[in-house]
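Overview (structure and organization)
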Amino acid sequence: MKQSDFGGRIRFGDRPRPASRRDVLKRGAAAAAVVAVSAVVLPRFAIGAKTPVKVGILLPFTGVYAKLGENITDGFLMRLAEAGNKLGGREIEFVKVDDEANPAKAVDNTTKLVKGKRVDFVIGTVHSGVAAAMVKVIEKSPKTIMICPNAGNNDMTRDSCAPNVFRTSFSNWQTCYPMGPEVAKRGHKKILSVTWKYAAGQQMMDAFFEGFRKAGGGEPLEQIWIPFEDVEFQSILTKIAALKPDAVFSFFSGSGAVKFVKDYAAAIDRKQIPLYGPGFLTEGTLEAQGAAAEGIVTTLHWADTLDLPANRKFLADFKAKTGRTGDVFGVQGYDTGTLLLRAMAAVGGDTAATQQLIAAMEDTVMTDSPRGTWRMSKSHNPIQDFYLRRVEQGRNTVLGVAHAQLDDPATGCKL
Ligand code: BEZ
């Protein structure tokens, strides 16, 4: 994405020009002048206000989740551009880092942003394992606020919840729990699950079977786990065909979801063995999946066909800005922008007013989100509607609300 796509005076600070000796001298003189003036007249914030707000963006821009990172970023920047590219009256400097959806690099990447670049906010990330590592760094840096625009790791807003960690997306539990009763209602009994073996896959499968069990649906027939980022599905599909379950429940996302849905359609008759999952199976993927996705039923907190003025505007603006079709990831980025704008307006741009920033975020009631009304829970996770959707003619048609204003159980969170 080009900076000019969003207009305004946003500065991208990820590749700073090395300071020349002259720069250093100039800065030294300026700093000395500032100290002299501040000692006499200006309060601390009047000086801080002149500097840009530093926003770290830690998202995947390579690998199977690359498109998710791109759409979150574009939704976020689009929202800030709508508001004139200022936060509480201050300009914004971005530091953008590719986390590669790699948990092993996450502590290092987050530390570089927090301690090295001294960002005020960290926007990230997509992958639940990376997010868990980020929280470990952020909770030790109480003046930095993290807003998670996707990763659904339940723990972030349960046992590991922290005053300075917020999420604008979902918990993994929320996305799959409502599908349990739905699949049971459809009369399916023998369910096989298949997903990537990492926190998100495990938590989503647990949530689905929790709901399925409660609705009288019983235990899993078989659970298949594959390493994260593997997209070789042939042997799994052969196994599914041999086991003949009543239905399959699955989580994949990004380019992994494109490949899985296409391979599934090529190997298995979906009329005999229907495929269900959280909406990530068919988000940002429908153009690439084509006919292979038709008829897939999912649950999610948004749908492209949601008939709301804010959603129609979001989709039209996102298309105009990026040339691409908006998806749930773009919406989450967009709402992250709204949250940040409102909180910074509430403190008049004073990033040092951490308690007031946190209070403003905790008070959030979003009435103008493309996904419909949602509010922030006590544990800092959205309470929101989950829709039942079916792919029809290349779009996720809303069949109804699977669970209205669903709150995560937030077990162990003491906020
Ligand atoms: C996760 O790792 O939490 C995740 C990744 C992609 C889509 C949804 C959740």
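Figured I'd write up the structure that's included with this text. This structure is a prediction, so every number in the text was calculated from the model and none was measured.

As for the overall build of the chain
Check the secondary structure of the chain and you find 14 helices and 15 strands. When each of the 415 residues of the chain is scored for burial, the buried share is 54%. Residue pairs at least 24 apart in sequence account for 71% of intrachain contacts in the chain once pairs closer than 6 positions are excluded. Here the chain displays about 17,000 Å² of accessible surface, and carbon together with sulfur accounts for 54% of that area.

Observations concerning the packing of aromatic side chains
For the coordinates displayed, the defined rule picks out 22 aromatic pairs. With a centroid separation of 6.1 Å and an interplanar angle of 85°, the aromatic rings of F76 and F94 are classed as edge-to-face. Placement of F76 in helix α3 (residues 66–82) and of F94 in strand β3 (residues 92–98) is noted, with a sequence separation of 18 residues between them. Looking at F76, the relative accessible area reads 1%, which means it is buried. For F94, a relative accessible area of 0% corresponds to the buried category. Among the aromatic residues, those joined into a cluster by ring pairs are Y65, F170, W196, Y198, F228, F233, F251, F252, F260, Y264, F280 and F329. The ring of Y334 has R79 lying over it, and the distance from NZ or CZ to the ring centre is 5.7 Å. The residue whose ring lies beneath K197 is W225, and the NZ or CZ to ring-centre distance is 5.3 Å.

Focus: the pairing of strand β15 (residues 395–406)
Relative to β15, strand β14 (residues 382–392) runs antiparallel, the two being bridged by 8 bridges. Within β15, the position partnered with L388 by the bridge is G400. Hairpin geometry of β14 and β15 is characterised by an intervening segment of 2 residues between the two adjacent antiparallel strands and by a positive phi of about 50° at Q393.

Notes on the site of the ligand
Taken together, 16 residues form the shell around the ligand, and within it V126, S128, G152, Y198 and A200 come nearest. Between the ligand and V126 there is a distance of 3.3 Å, counted from an oxygen atom to a backbone nitrogen or oxygen. For the ligand, an oxygen atom lies 2.5 Å from a polar atom in the side chain of Y198. About the coverage of the ligand: the protein hides 100% of its 260 Å² of free accessible area. A per-class count over the shell around the ligand returns 10 nonpolar, 6 polar and no charged. The residues that make up the shell around the ligand include at least three from each of domain 1 (21–170 + 308–383) and domain 2 (174–300).

Focus: the packing of α3 against helix α13 (residues 328–346)
Packing of α3 against α13 leaves a shortest axis separation of 7 Å and a crossing angle of 40°. As summarised for this structure, α3 and α13 are arranged oblique, according to the angle between their axes. The two elements α3 and α13 meet at a crossing, and its hand is right-handed. Residue-level inspection shows L68, N71, I72, G75, F76, M78, R79, L80 and E82 of α3 in contact with α13, the latter providing F329, G330, G333, Y334, T336, G337, T338, L340 and L341.

A short note on α13
The first and last C-alpha atoms of α13 sit 27 Å apart over 19 residues, in line with the 27 Å expected at 1.5 Å per residue. Immediately beyond the C-terminal end of α13, within one or two residues, lies G348, with a positive phi of roughly 60°.

Points about the packing of α3 against helix α12 (residues 309–322)
For any two helices packed against each other, one specifies the inter-axial angle together with the distance between the axes. One way to put it is that α3 packs onto α12 with a least axis distance of 11 Å and a crossing angle of 105°. The orientation of α3 with respect to α12, classified from their angle, is roughly perpendicular. Along the contact surface, α3 presents N71, D74, G75, M78 and E82, while α12 presents K313, F314, D317, F318, K321 and T322. Taken together, the residues of the contact of α3 with α12 sort by class into 3 nonpolar, 3 polar and 5 charged.

Describing the nonpolar core
Grouped together as the largest cluster of nonpolar side chains are 96 residues, with contacts concentrated most on V55, Y65 and L340. Ranked by residue count, the leading element in this core is α13, at 9 residues. Shared between two domains, this core holds at least three residues of each, these being domain 1 (21–170 + 308–383) and domain 2 (174–300). Contact partners of V55, with chain neighbours within four places excluded, come to F76, L87, I92, E93, F94, V95, V119, F121, I123 and L340.

As for the pattern of salt bridges
All chains considered together, the criterion is met by 20 salt bridges. Here D108 makes a salt bridge to K112, at a shortest N to O gap of 3.7 Å. Within this pair, D108 and its partner K112 are both found in helix α4 (residues 106–116), separated by 4 residues, close to a single helical turn. As a salt-bridge pair, E222 and K239 come within 3.2 Å of each other at their nearest N and O atoms.

Some details on the environment of G217
With respect to the helices and strands, G217 occurs in the loop between α8 (199–214) and β8 (222–226). For G217, a relative accessible area of 14% translates into the label buried. Taking C-alpha positions, G217 is 7.9 Å from G180, a pair spaced 37 residues apart along the chain. Contact partners of G217, with chain neighbours within four places excluded, come to A184, K189 and F212.

Section: a positive patch on the surface
A surface patch of like charges, here positive, comprises K115, R118, K136 and K140. Assignment of secondary structure puts K115 in helix α4.

What counts as what
Residues numbered from 1 in each chain as written. Predicted model: local features only at pLDDT ≥ 70, side-chain atom pairs only at ≥ 80, totals over all residues. Heavy atoms only, no water. Helix = DSSP H or I, 4+ residues; strand = E, 2+ residues; numbered from the N terminus. Buried < 20%, exposed > 50% of the residue type's maximum accessible area, 1.4 Å probe, protein only. Contact = heavy atoms within 4.5 Å. Areas by Shrake-Rupley, 256 points an atom, 1.4 Å probe, with all protein chains shown as cover. Phe/Tyr/Trp six-rings, centres within 6.5 Å; stacked < 30°, edge-to-face > 60°. Lys NZ or Arg CZ within 6 Å of the ring centre and 35° of its normal. Pairing = 2+ DSSP bridges. Near = heavy atom within 4 Å. Polar contact = N/O pair within 3.5 Å; in protein donor to acceptor, adjacent residues only side chain to side chain. Nonpolar A, V, L, I, M, F, W, Y, C, P; charged D, E, K, R; others polar. Domains from an automatic or database assignment. Axes fitted to C-alpha atoms, helices over the stretch in contact; angles between N-to-C directions. Parallel < 35°, antiparallel > 145°, perpendicular 65-115°, else oblique. Left-handed = near helix turned anticlockwise from the far one by under 90°. Expected span 1.5 Å × (residues − 1). Core = buried A, V, L, I, M, F, W, Y, C linked by side-chain atoms within 4.5 Å. Salt bridge = Lys/Arg side-chain N within 4 Å of Asp/Glu carboxyl O. Patch = residues over 30% accessible without salt bridge, like charges linked within 9 Å, V, L, I, M, F, W, Y side chains within 5 Å. Lys, Arg positive; Asp, Glu negative; His and termini not counted. Charge placed at Lys NZ, Arg CZ, Asp CG, Glu CD.

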